[in-house]
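# Residue-level structural notes
Chain by chain, the residues:
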Amino acid sequence: MKIAVTYENGNVFQHFGHTEQFKVYTVENGAITASEIVSSDGAGHGALAQLLGAHEIDALICGGIGGGARVALGNAGIQVFGGVSGSADAAAEAFARGELAWNPNASCSGHGHDHHHGEGHSCGSHGCGGGCH
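On a predicted model such as this, the values are computed, not experimentally measured, just so you know.

Rules and cut-offs
- Residues numbered from 1 in each chain as written.
- Predicted model: local features only at pLDDT ≥ 70, side-chain atom pairs only at ≥ 80, totals over all residues.
- Heavy atoms only, no water.
- Buried < 20%, exposed > 50% of the residue type's maximum accessible area, 1.4 Å probe, protein only.
- Helix = DSSP H or I, 4+ residues; strand = E, 2+ residues; numbered from the N terminus.
- Pairing = 2+ DSSP bridges.
- Contact = heavy atoms within 4.5 Å.
- pLDDT = per-residue confidence, 0-100.
- Phe/Tyr/Trp six-rings, centres within 6.5 Å; stacked < 30°, edge-to-face > 60°.

### Regarding the pairing of strand E1 (residues 2-8)
- The buried fraction of E1 is high, at five of seven residues.
- Pairing between E1 and strand E3 (residues 21-28): six bridges, direction antiparallel. Bridge pairing in E3 links Lys2 to Thr26.
- Taken together, the three bridges between E1 and strand E5 (residues 59-61) define a ladder with parallel strand orientation. Looking at the pairing, Val5 lines up with Ile61 of E5.
- Strand direction decides the pairing type here: E1 and strand E2 (residues 11-12), joined by two bridges, are antiparallel. Across the sheet, residue Glu8 finds its bridge partner in E2, namely Asn11.
- As consecutive antiparallel partners, E1 and E2 are separated by two residues, and within that stretch Asn9 has a phi angle of approximately 50 degrees, a positive value.

And the structure:
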């Protein structure tokens, strides 16, 4: 199985459609056996699903992700695990063990990138850990 994590400076990047890199992990028998960094080559939103499909990715770990991207990934047969933050390696290891904490409702709709979500929560530059609803 191959999983991709939106990647920046060792951490899970928080906006799928703007990620410049993925860290791709090969998982066998509950353990990571290989990893590599893959550039998005400037591809945005819909084209990223094609890029991940070309790398035979089975699952994506990310922070925030919009509905259109979810549909494109689903159509490519890629499971989405959103709302994840922190170390990319730690997230991939937790996924491999079947222990990844994620948010099935994580999304970032709208592209103003300075939107507010009530109760004083502002995503600003999408540093919200995918908790945008």
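### Here's the deal with the environment of Tyr7
- Looking at the element boundaries, Tyr7 is found in strand E1.
- What Tyr7 contacts, discounting residues up to four positions off in sequence, is Phe13, Thr19, Gln21, Phe22, Lys23, Ile37 and Ala88.

### A word on the confidence of the model for the protein chain
- Here the protein chain averages 82 in pLDDT, while 77% of its residues score no lower than 70.
- The low-confidence segment residues 110-133 (pLDDT under 50) makes 48 contacts with residues lying over four places distant or belonging to another chain.

### Notes on the packing of aromatic side chains
- Overall, the coordinates contain three aromatic pairs when judged by the stated rule.
- Centre to centre, the rings of Phe81 and Trp102 are 4.8 Å apart; their planes meet at 75 degrees, and the pair counts as edge-to-face. Residue Phe81 is found in strand E6 (residues 79-81), and its partner Trp102 is found in the segment after helix H3 (88-96); the two are separated by 21 residues along the sequence.
- Judged by its relative accessible area of 36%, Trp102 falls in the partly exposed class.
- Through a chain of ring-to-ring contacts, the aromatic side chains of Phe81, Phe95 and Trp102 assemble into a single cluster.

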